[in-house]
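Here are the chains, one letter per residue:
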Amino acid sequence: MIKFAKIDLMRESAMELVHDESRQGEVFSVPATTHRPFRKHFYIESYGCAMNFADSEVIASLLQKEGYGPTSQAEQAQLILINTCSIRDKAEQTIRRRLSELRSVKNKNPSVLIGILGCMAERLKEKLLEQEQLVDLVVGPDAYRTLPSLISSADEGNKAVNILLSREETYGDIAPFRLNSNGVSAFISIMRGCNNMCSFCVVPFTRGRERSRDLPSILQEARQLIADGYREVTLLGQNVDSYYWVDEATGVTITFARLLEEVALISPLLRVRFSTSHPKDITEEVLQTIKRYPNICRYIHLPVQSGSNRILQLMNRTYTREWYLAKVSRIREVLPECGISTDIIAGFCTETEEDHLQTLDLMQQCDYDLAYMYFYSERPGTLAERRYEDDVPETVKKRRLQEIIDLHRGQSLRSMQKDVNKTWEVLIEGNSKKSDAHWQGRTTHNKMVVFPKNGISGKGDYVEVLITHCTAGTLMGEQISQTVLNQV
Ligand code: SAH
Ligand code: SF4
Ligand code: F3S
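Given the structure is predicted, the values throughout are model-derived calculations rather than measurements.

Asks: Sorry if this is basic, but what is going on with the sheet that holds strand S15 (residues 339-346) here?
Replies: Sheets are built from strands that pair by backbone hydrogen bonding, the pairs being arranged parallel or antiparallel. Within the open sheet, the three strands sit side by side as S14-S15-S16. Their pairing is parallel. Each of the sheet's edge strands pairs with one partner strand only, and the pair in question is strand S14 (299-301) and strand S16 (370-375). For this sheet, the mean angle separating the axes of adjacent strands, direction not counted, is 10°. Relative to S16, S15 runs parallel, the two being bridged by six bridges.

Structure follows, in C-alpha cells:
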C-alpha cells in the first residue's frame, strides 16, 4: 500500500462516516498494484457523509476509464475535484476555505481544472462559478456520467455545469474504484436521494428523489468484494428501510429485509452493516432478519433528532417520542446485545428549555451507545427556513448542545465499561492508529477494539478478544483465539 499525506486509513466507526463532516477533506491512498502510469492525474477530496465517499469511488472509476490516474498530491494533478457537503453551514465554510487554499495551485499552473462536485454544487449551481472564480466545473450528484464531456468542454476554456437530478440514476453498473480502502471494509450504495422532507434538512434538495439500486448489481458488488478479500460491507442510503426494488422478470419485490438477507447469505465470512434507518420505517421483519443471521451486525443507527413531540412535529419526522421509545424497546427485546446510536439536533426553531429537557430525558431512557450531536444550522430553501424562525440564540444552542454532549459522554463510557470482562468476536481492520504492535478492529456492535498482535492473526481475520479495560472510545483486550469463521 502506498501511503500519502493526510490519510486516515482506520475508520473510527462506520456511523461516523455516514454523516459526520469532521471526516473532512480526506485524500486517498492507492493500492500499489493499481497505480499504473497514467498520462493525466486527478486529485479528489471528499467531505460529508458516507454516500459522498462512495460517490467519490464511482467518480474515480469513471475517470480511470478516461485515462486519469489518482494522485494524492494536488500539485501533480491536471484535474482537482472536491466532493462537497451542504448539511450545515460549517461544512460549506470549510470547503470555501479549502478552495481559496487551492488558488495557489491554479496560479502556478492555470491549465489545471478545478471542479466542485456533490451537494454544494447541487445547492448553489451556477452561482458557485460567480462566487468562486477559480472553479471550472460544477457537477451535481446525479451527473457524474457526464464528467468526461464536461472536462473536455472545460479544457476548451468553457465553464462547465451539470446539476440535473435524475429519478433513475443509481450508478448500479459502475464498479467503484476503492479509494482509501483498508482492504477489509467497504461501502455499497443501495439507494440514492430522499423523499422524507425533514424540515431542517437540505438532502432532498441536493440529492433529489429517492430511488433504489437493482438487487443483482448490489449482490455482484458484494461478491466481488469478498473475492477481493474484503470482509465487511456497509449498505448505504439516507433511509435504507425504504429500499424497494421490483424484479421486472419475476414480479418479485425486494424489501430492505430481503436485501439484507440476500447479502448476508453471500458468505458467513462477510459482515453486513447498514445505515441509516429512519425510526418510522424500520420494520419487525428487518429486526427478525438481523436476528436470524449472525453476520448481520448488531448495531442500528436510529436518529431521533429531538425528544420533544412538538419539535418532532415541526421537524416533520412523522413519529412521536412514544413511538420512538417503543421502537428502541422492541430492538432491545429482539436483539438484546444490539448497539443503538442516534443523531440529535440542539436548538431547532422555537425549541424551549422544556423541549430541551425532554431530549435529555429521552437520551436517559435510550441509554445510547453512541450519539452524533449538532446544533441547528438553518439551510436555505428547506421547509424550516421558509416556515419557521431560527429564533434560538446561538449561545443557547451551544449551551444546550454542551449539556447533550456531557450527558452522552457519561452514557458512552458506561456502555464501554459494560463490555469489560466479556469476550467479543473482532474483525481485524489493520494496525492500531497508535502502535504497529497492536491490531485494531470492531465488534459486531461497532465498538473499536485494540489488542496486541500475536504473530498469527492478520488483517481480515475474525478473532476472539477478551476485553480487559476501556476508554470512552475504545475497548482494549487480549486475543484469546482465532474464531472458527476464518476456516469457513
Ligand atoms: N438520513 C439521515 C441523516 C442524514 S443527515 C437520517 O435521516 O437520519 C445527518 C444528520 O445531520 C441528521 O440526522 C441530523 O441530525 C443532522 N442535520 C441535518 N440537517 C441539519 C441542520 N440543518 N442542522 C444541524 N444538523 C443537521
Ligand atoms: Fe434528511 Fe430526513 Fe432524508 Fe435524513 S430522512 S436525509 S434527515 S430529509
Ligand atoms: Fe451527505 Fe452532506 Fe450531501 S451529509 S447527502 S454530503 S449534504
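Further notes follow.
Asks: Would you mind going over the site of ligand 3 with me for this structure?
Replies: Every residue lining ligand 3 is accounted for by Cys49, Asn52, Thr84, Cys85, Ser86, Ile87, Cys119, Val203, Arg207 and Gln238. Grouping the amino acids of the shell around ligand 3 by side-chain chemistry returns five nonpolar, four polar and one charged.

Asks: Is there a simple way to think about the pattern of salt bridges in this case?
Replies: All told, the structure shown has 36 salt bridges when counted by the stated rule. Two residues, Glu262 and Arg258, come together in a salt bridge whose shortest N-O distance is 2.9 Å. Taken together, the residues Glu262 and Arg258, both in helix H9 (residues 256-266) and four residues apart, mark about one turn of the helix. For Arg258, a relative accessible area of 32% puts it in the partly exposed group. Salt-bridge contacts for Glu351 lead to Arg400; the nearest nitrogen and oxygen are separated by 2.9 Å. A residue pair is termed long-range when its members are at least 10 positions apart, and Glu351 in the loop between S15 and helix H13 (353-366) and Arg400 in helix H15 (residues 394-417) qualify at 49 residues. By relative accessible area, Glu351 is classed as buried at 5%. For Arg400, a relative accessible area of 5% puts it in the buried group.

Asks: Is there a simple way to explain the nonpolar core in this structure?
Replies: Across soluble globular proteins, nonpolar side chains have a tendency to be buried as a group. Counting residues in hydrophobic clusters, the biggest one holds 61 residues, and the most contacted among them are Ile190, Leu235, Tyr243, Phe256, Leu259, Val263 and Ile300. In this structure, Phe42, Ala60, Leu150 and Ile151 belong to the second largest nonpolar core, which totals 25 residues.

Asks: Help me out: how do you make sense of helix H10 (residues 284-292) in this one?
Replies: Owing to its 3.6 residues per turn, the α-helix aligns residues three or four sequence positions apart on the same side. Of the positions making up H10, those classed as buried are Val286, Leu287, Thr289 and Ile290. Burial along H10 is one-sided: seen end-on, the buried residues are contained in an arc of 160°. Taken together, the buried residues of H10 touch H9, strand S13 (271-275), S14 and helix H12 (321-334).

Asks: Please explain the site of ligand 1 as it appears in this structure.
Replies: Close contacts around ligand 1 come from 16 residues, with Gln238, Pro303, Gln305, Asp343 and Ser377 the closest. Residue Gln238 places a main-chain N or O atom 2.9 Å away from a nitrogen atom belonging to ligand 1. The separation between an oxygen atom of ligand 1 and a polar side-chain atom of Gln305 is 2.7 Å. Within the complex, 95% of the 540 Å² of free accessible area of ligand 1 lies under protein. Elements that contribute at least two residues to the shell around ligand 1 include exactly S15 and S16. In terms of residue class, the shell around ligand 1 is built from seven nonpolar, five polar and four charged.

Asks: What's the story with the packing of helix H8 (residues 215-227) against H9 in this structure? I'm lost.
Replies: It is at 10 Å that the axes of H8 and H9 come closest, and there the two elements cross at 25°. Accordingly, the angle class assigned to the pair H8 and H9 is roughly parallel. In this structure, the crossing between H8 and H9 has a hand that is right-handed. Here Leu215, Ile218, Leu219, Ala222, Arg223 and Ile226 of H8 come into contact with H9, specifically with Leu259, Glu262, Val263 and Ile266.

Asks: Explain the confidence of the model for the chain here, please?
Replies: Do not read the fine detail of predicted coordinates wherever pLDDT is low. Per-residue pLDDT for the chain averages 92, and the proportion of residues at 70 or more is 92%. Per-residue pLDDT stays below 50 along residues 1-23; that stretch engages in 91 contacts with residues further than four places along the chain or on separate chains.

Asks: Any chance you could explain the side chain of Thr342 here in plain terms?
Replies: Along the chain, the position of Thr342 falls in strand S15. By relative accessible area, which is 0% here, Thr342 ends up buried. Reaching out from Thr342, the side chain makes a polar contact with the backbone nitrogen of Val304 at a distance of 2.9 Å.

Asks: Help me out: how do you make sense of unusual backbone geometry in this one?
Replies: Apart from glycine, the bulk of residues carry a negative phi angle, and the bulk of peptide bonds sit in the trans form. In this structure, Thr276 follows Ser275 across a cis peptide bond, with omega equal to 10°. With a phi close to 65°, Thr318 is a non-glycine residue in the positive phi region. Counting through the fold element by element, Thr318 comes out in the loop between helix H11 (309-314) and H12. Of note, Asn446 is a non-glycine position whose phi angle comes to about 70°, a positive value. Here Asn446 is to be found in the loop between strand S18 (438-442) and strand S19 (448-452). The class for Asn446 is buried, based on a relative accessible area of 5%.

Asks: Honestly, H15 in this entry has me stumped. Any pointers?
Replies: If you check H15, its first and last C-alpha atoms are 34 Å apart, about what 24 residues at 1.5 Å a residue would give, namely 34 Å. Of all the positions in H15, only Val396, Lys397, Arg400, Leu401, Ile404, Leu407, His408, Gln411, Ser412, Ser415 and Met416 are classed as buried. Looking at the buried positions of H15, the neighbouring elements they touch are S15, H13, S16, strand S20 (462-470) and strand S21 (474-482).

Asks: Sorry, what's going on with the environment of Pro380 here?
Replies: Mapped onto the elements of the fold, Pro380 is located in the loop between S16 and helix H14 (383-387). In this structure, the C-alpha to C-alpha distance between Pro380 and His438, residues 58 residues apart in sequence, is 46 Å. If near-sequence neighbours (up to four positions away) are discounted, Pro380 is found in contact with Arg123 and Glu385.

Asks: Teacher, can you tell me more about the pairing of S13 here?
Replies: On a regular strand, each side chain points to the face opposite its neighbour's, so the side chains alternate between the two faces of the sheet. With five of five residues buried, S13 lies mostly within the body of the structure. The alternating pattern of S13 places Arg271, Arg273 and Ser275 on one face and Val272 and Phe274 on the opposite face, and all of these are buried. Bridging between strand S10 (residues 232-236) and S13 involves five bridges; their strand directions are parallel. Across the sheet, Val233 pairs through a bridge with Val272, a residue of S13.

Parameters at a glance
Residues numbered from 1 in each chain as written. Chains lettered and ligands numbered in written order. Predicted model: local features only at pLDDT ≥ 70, side-chain atom pairs only at ≥ 80, totals over all residues. Heavy atoms only, no water. Pairing = 2+ DSSP bridges. Helix = DSSP H or I, 4+ residues; strand = E, 2+ residues; numbered from the N terminus. Axes fitted to C-alpha atoms, helices over the stretch in contact; angles between N-to-C directions. Near = heavy atom within 4 Å. Nonpolar A, V, L, I, M, F, W, Y, C, P; charged D, E, K, R; others polar. Salt bridge = Lys/Arg side-chain N within 4 Å of Asp/Glu carboxyl O. Buried < 20%, exposed > 50% of the residue type's maximum accessible area, 1.4 Å probe, protein only. Core = buried A, V, L, I, M, F, W, Y, C linked by side-chain atoms within 4.5 Å. Arc of directions from axis to C-beta. Contact = heavy atoms within 4.5 Å. Polar contact = N/O pair within 3.5 Å; in protein donor to acceptor, adjacent residues only side chain to side chain. Areas by Shrake-Rupley, 256 points an atom, 1.4 Å probe, with all protein chains shown as cover. Parallel < 35°, antiparallel > 145°, perpendicular 65-115°, else oblique. Left-handed = near helix turned anticlockwise from the far one by under 90°. pLDDT = per-residue confidence, 0-100. Expected span 1.5 Å × (residues − 1).

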